[in-house]
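The chain contents come next:
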Amino acid sequence: MTASQQEEKVIQLIDLHHFVECFDPKIRIMEYIHHPINIIEQESCKKGIVFCDLKHSPVPDSNASEEFKRRYDLSELWFVFVEETPVSNKAVYTDAIIENSLDIFYDRIFSFSFFQSIIYSLK
């Protein structure tokens, strides 16, 4: 892994742990190192979570997510917009959801205000 890929993985891991801590501490993290989609277990169901910070990276390819869901037999896929500072204009998320058809590929969509530890359900 390159230095930038390692940095991305560390950020992803921090996002994942803090999201789980805020959303449902009973969630068990199963896999996060080898894929951009994190695998968790919630109430005996395997689910995948993708994190995206629109300020630092584009929305990942949703077709790859759908294939990943089938390959790893996940019951759901979640998409999480991570924000370091609160976004007052939620239209940014609505636009990204529409432009990338996220509501078709993902079962749940959230915005996660990292430093405020607040999660909003967008779908």
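The rules behind the values
Throughout, a residue's number is its position along its own chain's written sequence, starting from 1. Where local features are concerned, this predicted model is filtered to residues with pLDDT of at least 70; where side-chain atom pairs are given and counted, the filter is 80 or more; whole-chain, interface and lining totals use all residues. To obtain the side-chain values, all non-hydrogen atoms of the structure were used and water was disregarded. Here the term buried applies to any residue with accessible area under 20% of the maximum for its type, exposed to any over 50%, and partly exposed to those in between, with areas from a 1.4 Å probe on protein chains only. A run of H or I in DSSP becomes a helix once it reaches four residues, and a run of E becomes a strand once it reaches two; helices and strands are each numbered from the N terminus. In this context, the arc is that of the directions from the helix axis out to the C-beta atoms. Any pair of residues with heavy atoms lying within 4.5 Å of one another is described as a contacting pair. Cavity means a closed set of points on a 1 Å grid over the protein atoms alone, one where a 1.4 Å probe fits but cannot get out, pocket means an open set with protein on both sides within 12 Å along at least 5 of 7 lines, and lining means a residue has an atom within 4 Å of a point. Grid points are joined across faces, edges and corners, and a volume is the space filled by probe spheres set on the points. In this classification, Asp, Glu, Lys and Arg are treated as charged, Ala, Val, Leu, Ile, Met, Phe, Trp, Tyr, Cys and Pro as nonpolar, and every other residue, Gly included, as polar. For a crossover, the right-handed case is the one in which the path from the first strand over the helix to the second runs clockwise, viewed with the strands pointing away from the viewer. Pairing between two strands requires that DSSP report at least two bridges joining them.

J.: Provide a residue-level description of helix 3 (residues 91-99), including the pertinent values.
T.: Of the positions making up helix 3, those classed as buried are Tyr93, Ala96 and Ile97. Seen from one end, helix 3 has its buried residues packed into an arc of 100 degrees, which puts them on one side. Exposed side chains of helix 3 directed beyond 90 degrees from the buried face belong to Ile98 and Glu99. In the core, the buried residues of helix 3 are packed alongside strand 4 (76-83), helix 4 (102-105) and strand 5 (108-113).

J.: Please give an account of the layout of surface pockets that cites residues and values.
T.: Quantified by volume, the largest pocket comes out at close to 690 Å³. Along its surface, the largest pocket is lined by 25 residues, and Glu8, Ile11, Gln12, Phe51 and Ser57 are the ones closest to its centre. Contributing elements (two or more residues each) for the lining of the largest pocket: helix 1 (3-23) and strand 3 (45-52). Per element, the largest residue contribution to the lining of the largest pocket is seven residues, and it comes from helix 1. A breakdown of the residues in the lining of the largest pocket according to their chemical character gives 13 nonpolar, seven polar and five charged.

J.: Requested: an account of the pairing of strand 4, with residues and values cited.
T.: A large share of strand 4 lies buried, amounting to seven of its eight residues. In this region the chain leaves strand 3, passes through helix 2 (residues 62-71) and returns to the parallel neighbour strand 4; the handedness of that crossover is right-handed. Bridge analysis of strand 4 against strand 5 gives six bridges, and the strand direction is parallel. Bridging across to strand 5, Phe79 finds its partner in Ile109.

Shape is all these values report; function is a separate question.
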